[in-house]
Amino acid sequence: MTDFQLTHCERMLARRALGLEHGGSVNRNFVAAHANGEDIGTAQRLVGKGFMVRNPDRDFGSMRVFAVTAAGAKALGKKLPPAHVVLPANAA
């Protein structure tokens, strides 16, 4: 298992972003966290580790949208399908 770099909360948020709550295959790549909610700190820690990126273009109201990076998927033992690969804004 390769998810030793993730806490339980980080692993669960990344799994939710990838749509893995009820299955074993990646079917999306986004999660919204309320700016004052519990998940925002977890998402920001994942950003700091390089396992998630924020997607401000998709934010709505006080919800901040994040996506899992290829490294984040790998930490979960998954590979992102090409349609779900995201790159940090500064990686162009």
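Parameters and conventions
- Residues numbered from 1 in each chain as written.
- Predicted model: local features only at pLDDT ≥ 70, side-chain atom pairs only at ≥ 80, totals over all residues.
- Heavy atoms only, no water.
- Helix = DSSP H or I, 4+ residues; strand = E, 2+ residues; numbered from the N terminus.
- Buried < 20%, exposed > 50% of the residue type's maximum accessible area, 1.4 Å probe, protein only.
- Contact = heavy atoms within 4.5 Å.
- Areas by Shrake-Rupley, 256 points an atom, 1.4 Å probe, with all protein chains shown as cover.
- Core = buried A, V, L, I, M, F, W, Y, C linked by side-chain atoms within 4.5 Å.
- Phe/Tyr/Trp six-rings, centres within 6.5 Å; stacked < 30°, edge-to-face > 60°.
- Lys NZ or Arg CZ within 6 Å of the ring centre and 35° of its normal.

A. Representation of the overall build of the protein within the structure. The helix and strand tally for the protein stands at 3 helices and 3 strands. Shown N-terminal to C-terminal, the secondary structure of the protein runs as helices and strands in the order α-β-α-β-β-α. Taking all 92 residues of the protein together, 33% fall into the buried category. Long-range contacts, defined here as pairs at least 24 residues apart, represent 54% of the contacts in the protein between residues at least 6 apart. Surface accessibility of the protein: about 5,500 Å² in total, with carbon and sulfur atoms responsible for 56%.

B. Structural context of the nonpolar core. Ranked by internal contacts, the top residues of the largest apolar core, which has 20 residues, are Leu 18, Met 52, Phe 66 and Val 68. For this core, the elements supplying multiple residues, two or more each, are helix 1 (8–17), strand 1 (31–34), helix 2 (39–49), strand 3 (63–68) and helix 3 (70–75). Setting aside residues no more than four positions away along its own chain, Met 52 makes contact with Leu 13, Ala 14, Ala 17, Val 31, Ala 43, Leu 46, Val 47, Phe 66, Ala 67, Val 68 and Thr 69.

C. Expanded view of the side chain of Thr 69. Following the sequence through the fold, Thr 69 ends up in the loop between strand 3 and helix 3. Sequence-distant contacts of Thr 69, defined by excluding residues within four places in its chain, comprise Gly 50, Phe 51, Met 52, Val 53, Leu 80 and Val 86.

D. View of the packing of aromatic side chains. Under the counting rule described, the total for this entry stands at 0 aromatic pairs. Between Arg 28 and the ring centre of Phe 30, over which it is positioned, the NZ or CZ distance is 5.7 Å. Positioned over the ring face of Phe 30 is Arg 58, at 4.7 Å from the centre of the ring.

Coordinates in, geometry out; function isn't part of it.
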